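Each chain, letter by letter, is given below.
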Amino acid sequence: MAAPDTNPDVSALAAAPGLEDWHLDLHAKGTRREEAVAHLHALLLRAARFEVFRRRGSLPQLSSAELDELAQDAAGDAAMSVLRRLGDFRGESTFRTWAYKFALLEASVKVRRRAWRDREVTLEPERWEEVPYSGPGPDADAETAALHEAVRGGIRTALTPRQRQVLVAVVLEGVPIDVLAERLGSNRNALYKMLHDARRRLRAHVAASGYLEET
Amino acid sequence: MNSRDLDPALLRLLGTDEPEIDCDECFAQLDRYVELELSGAPADTHIPGLRAHLVGCPACAEEHESLRALLELDSVS
């Protein structure tokens, strides 16, 4: 395995392409389109490299070359997404900002999945009590201790097994939601909705116990 | 105690009861939201619910931070 590079040269990023209307040529044909696609790819690669090197602390085992390969893959996938969704661009931001977000999404998902590739995730909802839970410290007052106990009770009794599974993995274990989605055969948006519902049930349980005011 | 007074660990578990958008809508609006932020416009008024989503969703929050940082880098290069 290559030695980790502790000082990757992020200054080698390509200069940001300008703000001209070159992206209109993505709808053209022939050479004009090919040039626009090349321009788009350079833009997306810049964003993907930015993201991968920004998050390189979570991938200490990868060399600069391996990180760059990850960025290249992300840029390629982002280019396909952008070209597929060109019709969604409404001009509510600059095209550059709109395109950047696709590269940042692809790169950040790849970094998180790579970082968690060999890590175990507690997927059995009944094992949640084995997960470290940073409850109140020894100096906590009685109200805070009771609030934490109400939360633990809510996790135990107020949630469905699936809600408990998602809440424990994402919040207590720190599993990235897209990593969890991949392992559960779901998607990020669906799992976030489940997490949102779990939090709402938990708040209601704690509020019913008298330890939390709903605003 | 209301949810705004919770310590960060409990806030991550319980979330807030503020209205929020979901991950797909966050992605759809993120470019506009960040440009509004960087221009000094009231992004939260223009796109309600996105800020609350960033508080609840670490993955979307990372992507928001990155897009903002990349545009800030572009503005000085």
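Nothing here was measured: the structure is a model prediction, and the numbers come from that model.

## Details of the overall build of chain B
Now for step 1: Of regular secondary structure, chain B possesses five helices and zero strands.
Now for step 2: Listed by position from the N terminus, the elements making up chain B come as α-α-α-α-α.
Now for step 3: Burial analysis of chain B (77 residues in total) assigns 38% to the buried set.
Now for step 4: For chain B, restricting intrachain contacts to residue pairs at least 6 apart in sequence, the fraction spanning at least 24 positions comes to 60%.

## Re the overall build of chain A
Now for step 1: Regarding its fold elements, chain A presents seven helices and zero strands.
Now for step 2: Each helix (α) and strand (β) of chain A, taken in turn from the N terminus, gives the series α-α-α-α-α-α-α.
Now for step 3: Looking at chain A as a whole, 36% of its 215 residues qualify as buried.
Now for step 4: Sequence separation of 24 or more characterises 72% of the internal contacts of chain A that already satisfy a separation of 6 or more.

## Considering the nonpolar core
Residue and element names in this part refer to chain A.
Now for step 1: Ranked by internal contacts, the top residues of the largest apolar core, which has 71 residues, are Leu44, Ala48, Ala99 and Ala103.
Now for step 2: The greatest single-element share of this core, amounting to 11 residues, is contributed by helix 3 (residues 95–115).
Now for step 3: Two domains each provide a minimum of three residues to this core, namely domain 1 (10–115) and domain 2 (125–208).

## A word on the interface of chain A and chain B
Now for step 1: With 35 residues of chain A at the interface, the matching set in chain B holds 30 residues.
Now for step 2: If you list the elements that add at least two residues to the side of chain A that touches chain B, you get helix 1 (30–54), helix 3, helix 6 (177–184) and helix 7 (188–208) of chain A.
Now for step 3: When residues of the side of chain A that touches chain B are assigned to their parent elements, the largest contribution, nine residues, is made by helix 7 of chain A.

## A closer look at the environment of Leu83(A)
All names here are of chain A.
Now for step 1: Counting through the fold element by element, Leu83 comes out in helix 2 (residues 64–84).
Now for step 2: Exposure remark for Leu83: the 13 C-beta atoms within 10 Å place this residue in the partly exposed category.
Now for step 3: Taking the C-alpha atoms as reference points, Leu83 and Val37, 46 residues apart in sequence, are found 8.7 Å from one another.

## A look at the packing of helix 6 of chain A against helix 7 of chain A
Residues and elements named next belong to chain A.
Now for step 1: At a minimum axis distance of 9 Å, the contact between helix 6 and helix 7 shows a crossing angle of 105°. Relative to helix 7, helix 6 is oriented roughly perpendicular. Only Arg188, Leu191 and Tyr192 of helix 7 make contact with helix 6, whose side of the interface consists of Ile177, Asp178, Leu180 and Ala181.
Now for step 2: In the contact of helix 6 with helix 7, the residues fall into five nonpolar, no polar and two charged.

## Focus: helix 2 of chain A
Residue and element names in this part refer to chain A.
Now for step 1: Between its terminal C-alpha atoms helix 2 stretches 30 Å, which fits the 30 Å expected from 21 residues at 1.5 Å a residue.
Now for step 2: Residues of helix 2 that are buried: Leu67, Leu70, Ala71, Ala74, Ala75, Ala78, Ala79 and Val82.
Now for step 3: Turning to helix 2, the residues buried within the fold contact helix 1 and helix 3.

## Comments concerning the packing of helix 2 of chain A against helix 3 of chain A
Residue and element names in this part refer to chain A.
Now for step 1: Their axes nearest at 8 Å, the elements helix 2 and helix 3 cross at an angle of 135°. Judged by the angle between their axes, helix 2 and helix 3 are oblique. Taken as a pair, helix 2 and helix 3 cross one another with a handedness that is right-handed. On the side of helix 2, the interface is formed by Leu70, Ala71, Asp73, Ala74, Ala75, Asp77, Ala78, Ser81 and Val82, while helix 3 contributes Ala99, Phe102, Ala103, Glu106, Ala107, Lys110, Val111 and Arg114.
Now for step 2: Partitioned by chemical class, the residues of the contact of helix 2 with helix 3 number 11 nonpolar, one polar and five charged.

## With respect to the confidence of the model for chain B
Residues and elements named next belong to chain B.
Now for step 1: Chain-level pLDDT for chain B is 92 on average; 94% of the residues reach the 70-or-more range.
Now for step 2: Within chain B, no element has a lower average pLDDT than helix 1 (residues 8–14), which sits at 85, and none a higher one than helix 2 (residues 23–39), at 98.
Now for step 3: With pTM at 0.87, the complex prediction returns an ipTM value of 0.93.

## So, the confidence of the model for chain A
Now for step 1: Summarising the model, chain A shows a mean pLDDT of 86, and 81% of its residues fall at 70 or more.
Now for step 2: In this model, residues 1–17 of chain A is a region of pLDDT below 50 whose contacts with residues beyond four sequence positions or in other chains number 27 contacts.

## So, helix 3 of chain A
Now for step 1: The end-to-end C-alpha distance of helix 3 of chain A, which contains 21 residues, comes to 31 Å, matching closely the 30 Å that a straight helix rising 1.5 Å per residue would cover.
Now for step 2: Buried residues dominate helix 3 of chain A, accounting for 18 of its 21 residues.

## Thoughts on the environment of Ala115(A)
All names here are of chain A.
Now for step 1: Assignment of secondary structure puts Ala115 in helix 3.
Now for step 2: The sequence separation of Ala115 and Ala169 amounts to 54 residues, and the corresponding C-alpha distance is 15 Å.
Now for step 3: Those residues in contact with Ala115 that lie beyond four places of it in its chain are Ser58 and Leu59.

Conventions adopted
- Residues numbered from 1 in each chain as written.
- Chains lettered and ligands numbered in written order.
- Predicted model: local features only at pLDDT ≥ 70, side-chain atom pairs only at ≥ 80, totals over all residues.
- Helix = DSSP H or I, 4+ residues; strand = E, 2+ residues; numbered from the N terminus.
- Buried ≥ 20, exposed ≤ 12 C-beta atoms within 10 Å, placed from the backbone.
- Contact = placed C-beta atoms within 7 Å.
- Core = buried A, V, L, I, M, F, W, Y, C linked by C-beta atoms within 7 Å.
- Domains from an automatic or database assignment.
- Axes fitted to C-alpha atoms, helices over the stretch in contact; angles between N-to-C directions.
- Parallel < 35°, antiparallel > 145°, perpendicular 65-115°, else oblique.
- Nonpolar A, V, L, I, M, F, W, Y, C, P; charged D, E, K, R; others polar.
- Expected span 1.5 Å × (residues − 1).
- Left-handed = near helix turned anticlockwise from the far one by under 90°.
- pLDDT = per-residue confidence, 0-100.

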